[in-house]
There are 2 protein chains.
Amino acid sequence: MNISHAAKAAGLPTKTVRYYADVGLVAAQGRSTSGYRTYSEREIRKLIFVRRAREFGFSIEECRELLGLYEKDDRASADVKQIATKRLFEIERKQRELQSLHDELSNLVTACRGDNRPDCPIINYLG
Amino acid sequence: MNISHAAKAAGLPTKTVRYYADVGLVAAQGRSTSGYRTYSEREIRKLIFVRRAREFGFSIEECRELLGLYEKDDRASADVKQIATKRLFEIERKQRELQSLHDELSNLVTACRGDNRPDCPIINYLG
DNA sequence: CTTGACCTTCCAGTTAGGGGAAGCCTTATC
DNA sequence: GATAAGGCTTCCCCTAACTGGAAGGTCAAG
C-alpha cells in the first residue's frame, strides 16, 4: 500500500505519516523497488492508534511509549495507567488555569461598555 | 535603566524583554554610548502591560493591538472589548474541548485496574 | 590589572508538522 | 512509443514565543 492510501486509511495527512516515519514512531513496512514507502495493515493499525492518542493530547514521546505497550503482549496495565493519569492531571491543571482566566476575563468583558468612549476596565486592569 | 533592571521591574526574563524589542513590541527608550539598551518608567509600564496581557493568553500580535489602544487616548472601548471577546471565545472553545477529553480519559483511567496484567481498557480504546 | 558581572549580536533548538521546490516513477491516453 | 497528469522522493524553510549558549565588548570593584 502506498503512503497516501495508508494515510487515508488511518485518517491522517500524508505529510504526517511521513513525519511519523522520520521520527521513528511508525516506520513503513518497507520500500518498493523504486523507493516508495509501503504500508501493511499492521502499520495502519499503529497509525490509527497514534492518531487517537494524539487526539487525547499525548505527545509524540508519550505515543512512542504507549505504542510500545500496545505492541507488548506482556505489558502491565499499570504502565499504561501511569501515562494516562499523568496526561489526565495535565488536562485538569489546564482546566483550572483556563477557568481562572475565563472568570477574570469574563468579568472584565462584561464590565466594558464597548462604546466609542476611551474608558475601559480591560485596559485599566492591564495597565 | 539597564535591561536586567527593567526586566526585574516588569517581572520578565531579560531574554524576553530583548525579544519584545526585537519584534518591535516594546522598544527600548534608547541606547547608551556603549550600545546598552536603556529603559525608562514608560517602557516598564508597557512591559508590565504586555506581561499581563500574555498571562491572559493574548498573542504577541494581539498584545501589539492592545498596547496601541492602551497608548491611544481617544480609543473606543469597543475595540478593546472586541479583542477581549475573541479571546474569551477561544478560551471557552478550549474549555469545551478539554472537558470532553477529560470525561473520556477519566472514564478510561478509572476502568483500568493498573496492575501487572496486560488487559487494559485504555489500550483497547486506542487500538 | 584582573576578575566577574554585566551587556551585545547571532545561531540553534523547542512542538508537530505544513508548504513548496526539484526531480524521479507510474499510469492512462493518444 | 510519446506525453501528460498525478504520486512519490528528499530537502529546506516556516510557524509561536521564546530559551540556551557562544563569542566578544563594557563596566565597577579590589
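Note that this is a predicted model, so its numbers are computed, not measured.

A. Local environment of the protein's contact with DNA strand D. In the region of DNA strand D, 18 residues are neighbours, and Arg18, Tyr36 and Arg37 of chain A together with Lys15 and Thr16 of chain B sit closest. If you look at DNA strand D and keep only atoms within 4 Å of the protein, 68% of those are sugar or phosphate atoms. A distance of 3.2 Å is found between a phosphate oxygen of DNA strand D and a side-chain nitrogen or oxygen belonging to Arg31 of chain A. Within the side chain of Tyr36 of chain A, an N or O atom sits 2.7 Å from a base nitrogen of DNA strand D. Every element with two or more residues in the surface near DNA strand D is listed here: α1 (3-10) of chain A together with α2 (14-22) of chain B. Looking at the surface near DNA strand D element by element, the count peaks at 4 residues for α2 of chain B. By residue class, the composition of the surface near DNA strand D is 7 nonpolar, 6 polar and 5 charged.

B. The domain arrangement of chain A, seen in detail. Residue and element names in this part refer to chain A. Parsing chain A into structural domains produces domain 1 (1-75) and domain 2 (83-127). The centre of domain 1, based on its C-alpha atoms, is set 38 Å off from the matching centre of domain 2. Opposite the 7 residues of domain 1 that make contact, domain 2 presents 6 residues. Across the interface of domain 1 and domain 2, roughly 480 Å² is buried in total on both sides, 63% from carbon and sulfur atoms.

C. Representation of the packing of helix α5 (residues 77-111) of chain A against helix α5 (residues 77-111) of chain B in the model. Where α5 of chain A contacts α5 of chain B, the two axes come as close as 9 Å, and the packing angle between them is 155°. In terms of axis orientation, α5 of chain A runs roughly antiparallel to α5 of chain B. Classified by chirality, the crossing of α5 of chain B by α5 of chain A is left-handed. Of the residues contributing to the contact of α5 of chain A with α5 of chain B, the split by class is 14 nonpolar, 10 polar and 8 charged.

D. Focus on the interface of chain A and chain B. Between chain A and chain B, the contact holds 47 residues from the first and 47 residues from the second. Buried area between chain A and chain B, summed over both chains or domains, comes out near 4,300 Å², and the portion from carbon and sulfur atoms is 72%. Contact with chain B buries area across many residues of chain A, yet Phe56, Ile123 and Leu126 of chain A alone supply 17% of it, more than any other trio. Summed over the shared surface of chain A and chain B, the result is 20 residue pairs in polar contact (both at pLDDT 80 or more). Of all the secondary structure elements, the ones that give two or more residues to the side of chain A that touches chain B are α3 (41-55), α4 (60-71), α5 and α6 (121-126) of chain A.

Parameters and conventions
- Each residue is numbered by its place in its chain's sequence as written, counting from 1.
- Throughout, the order in which chains and ligands are written sets their labels, letters from A for the former and numbers from 1 for the latter.
- Only residues with pLDDT of 70 or above have their local features reported here, since the model is predicted, and side-chain atom pairs are shown and tallied only from 80 upward, although totals for entire chains, interfaces and linings are computed over all residues.
- Excluding hydrogens and water, the side-chain values take into account all heavy atoms of the structure.
- Throughout, the term near means that a residue has one or more heavy atoms lying within 4 Å of the molecule or strand in question.
- Between N or O atoms, a polar contact is any pair within 3.5 Å; within protein, one atom must be a potential hydrogen donor and the other a potential acceptor, and residues adjacent in sequence are included only when both atoms are from side chains.
- What counts as a helix is a DSSP run of H or I of at least four residues, what counts as a strand is a run of E of at least two, and both are numbered from the N terminus.
- Three classes are used, and their members are as follows: Ala, Val, Leu, Ile, Met, Phe, Trp, Tyr, Cys and Pro are nonpolar, Asp, Glu, Lys and Arg are charged, and the others, Gly among them, are polar.
- Marked domain ranges trace back to an automatic or database domain assignment.
- Note on contacts: a residue pair qualifies if any of its non-hydrogen atoms lie within 4.5 Å across the two residues.
- Summed over both partners, the accessible area (1.4 Å probe) lost when two parts come together is defined as the buried area.
- Axis definition: a line fitted to C-alpha atoms, limited for helices to the stretch in contact. Angles are taken between N-to-C directions and run from 0 to 180 degrees.
- For classification purposes, angles smaller than 35 degrees are called roughly parallel, those larger than 145 roughly antiparallel, those between 65 and 115 roughly perpendicular, and all remaining angles oblique.
- Crossing handedness: left-handed means the near helix sits turned counterclockwise from the far one by under a right angle, and right-handed means the same turn made clockwise.

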